[in-house]
Amino acid sequence: MKSSLFCLLALILTVESVRGACTYTSSDKKYSYDLSALTATSGYGYLRNGGDGYNYWFNVCANLPKSNCTQQAPVCQASQTKAGQNVPTGYLPATFADGDTGTGSGVVITYVNNVEQCSGNTPRKTNLHFKCVTGLAGLTITSITENKCLYDLYLSSGAACPTSGGAKGKIDAD
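Just so it is clear, the structure is predicted and the values come from calculations on it, not from any experiment.

1. Some words on the overall build of the protein
Here is step 1: In terms of helices and strands, the protein carries one helix and ten strands.
Here is step 2: Counting the 174 residues in the protein, one finds 37% classified as buried.
Here is step 3: Here the contacts in the protein between residues at least 6 apart in sequence split such that 45% fall between residues at least 24 apart.
Here is step 4: By element, 55% of the accessible surface of the protein is carried by carbon and sulfur atoms, the whole surface being about 9500 Å².

2. What to know about the packing of aromatic side chains
Here is step 1: Evaluation of the coordinates by the stated rule reveals five aromatic pairs.
Here is step 2: Taking the centre distance of 5.7 Å and the plane angle of 50 degrees together, the rings of Tyr44 and Trp57 count as tilted. Taken as a pair, Tyr44 in the loop between strand 2 (32–34) and strand 3 (46–49) and Trp57 in strand 4 (residues 54–58) lie far apart in primary sequence, 13 residues in all.
Here is step 3: The interplanar angle of 25 degrees and the centroid separation of 5.3 Å between the aromatic rings of Tyr46 and Phe58 together place this pair among those described as stacked. Of the two residues, Tyr46 sits in strand 3 while Phe58 sits in strand 4, which places them twelve residues apart along the sequence.
Here is step 4: Assessed through its relative accessible area of 1%, Phe58 is described here as buried.
Here is step 5: Ring pairing ties together the aromatic residues Tyr24, Tyr33 and Phe96, which thus form one cluster.

3. Some remarks on the nonpolar core
As a rule of thumb, soluble globular proteins bury nonpolar side chains together.
Here is step 1: Counting 27 residues, the largest nonpolar core has Leu35, Phe58, Val60 and Phe130 as its most contacted members.
Here is step 2: Listed by contribution, the elements that provide at least two residues to this core are strand 4, strand 7 (105–118), strand 8 (122–132), strand 9 (140–147) and strand 10 (150–157).

4. A few points about the state of the cysteines
Here is step 1: Applying the stated criterion across every chain yields a total of four disulfides.
Here is step 2: The side chain of Cys132 participates in a disulfide bridge whose partner is Cys161; the two sulfur atoms lie 2.0 Å from each other. In this structure, the disulfide formed by Cys132 and Cys161 twists by about 85 degrees around the S-S bond and is classed as right-handed. Of the two residues, Cys132 is situated in strand 8 and Cys161 in the segment after strand 10; the sequence distance between them amounts to 29 residues. Pair check on accessibility: Cys132 and Cys161 agree, each one buried.
Here is step 3: Assigning the bonded cysteines of the protein consecutive numbers by sequence position, one obtains the connectivity 1-2, 3-4, 5-7, 6-8.

5. A closer look at the environment of Phe130
Here is step 1: Along the chain, Phe130 turns up in strand 8.
Here is step 2: Taking the C-alpha atoms as reference points, Phe130 and Tyr154, separated by 24 residues in sequence, lie 6.3 Å from one another.

6. With respect to the side chain of Asn113
Here is step 1: Counting through the fold element by element, Asn113 comes out in strand 7.
Here is step 2: There is a polar contact of 2.7 Å between the side chain of Asn113 and the backbone oxygen of Pro88.
Here is step 3: Filtering out sequence-adjacent residues up to four positions away, Asn113 remains in contact with Pro88, Thr89, Gly90, Tyr91, Pro123 and Arg124.

7. Looking at the pairing of strand 10
Here is step 1: In terms of burial, strand 10 is largely enclosed, as six of its eight residues are buried.
Here is step 2: Judged from the eight bridges that link them, strand 8 and strand 10 form a sheet pairing that is parallel. Following the sheet pairing, Phe130 is matched in strand 10 by Leu155.
Here is step 3: With seven bridges connecting them, strand 9 and strand 10 associate as antiparallel partners. Its bridge partner lying in strand 10, Asn147 is registered against Leu150.
Here is step 4: Between strand 9 and the antiparallel strand that follows it, strand 10, lie two residues; Lys148 among them carries a positive phi value of about 50 degrees.

Cut-off values and rules
- Residues numbered from 1 in each chain as written.
- Predicted model: local features only at pLDDT ≥ 70, side-chain atom pairs only at ≥ 80, totals over all residues.
- Heavy atoms only, no water.
- Helix = DSSP H or I, 4+ residues; strand = E, 2+ residues; numbered from the N terminus.
- Buried < 20%, exposed > 50% of the residue type's maximum accessible area, 1.4 Å probe, protein only.
- Contact = heavy atoms within 4.5 Å.
- Areas by Shrake-Rupley, 256 points an atom, 1.4 Å probe, with all protein chains shown as cover.
- Phe/Tyr/Trp six-rings, centres within 6.5 Å; stacked < 30°, edge-to-face > 60°.
- Core = buried A, V, L, I, M, F, W, Y, C linked by side-chain atoms within 4.5 Å.
- Disulfide = S-S within 2.5 Å.
- Polar contact = N/O pair within 3.5 Å; in protein donor to acceptor, adjacent residues only side chain to side chain.
- Pairing = 2+ DSSP bridges.

Next up, the structure:
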């Protein structure tokens with residue numbers, strides 16, 4: 001009985017830690033964000049054709065549910081022409097940072113891959129820049145840039161709006 005109760009408590013704490021793993025409070029403590037609604041739990045996550053011969057698969061705050069990547073990861077760069085050339089561009093844990101509120105990016109999630117590095121021992125790094133667009137359902141991928149193993153994906157969503165703070169849902173002005 002005691003072991004069953006312990007297992008149940010451990011399961012509840014695990015679920016809560018997973019659920020809370022996608023929240024962020026700005027460095028000035030004015031805004032809180034909860035991006036957990038954007039975490040894909042089935043399929044291959046989100047896809048963006050980079051226009052550079054690669055597809056970029058990614059997920060928010062979790063590994064890709066399914067992946068053709070060489071390792072389980074939240075972000076993956078996949079060659080459109082060379083089968084099997086799929087490289088993670090970052091791993092968990094993610095780090096969170098304030099975005100540029102001037103451009104509407106309230107929060108940035110960063111994943112780093114120190115294992116499969118680029119030439120010159122440069123770690124691969126992926127930044128997901130989230131822009132709050134009040135009322136926008138789901139996730140819109142507005143653009144992607146790649147510069148020497150630094151990948152920046154710009155994303156818009158209503159789920160990227162602050163859940164608390166003085167500008168709740170008001171960061172979307174361009």
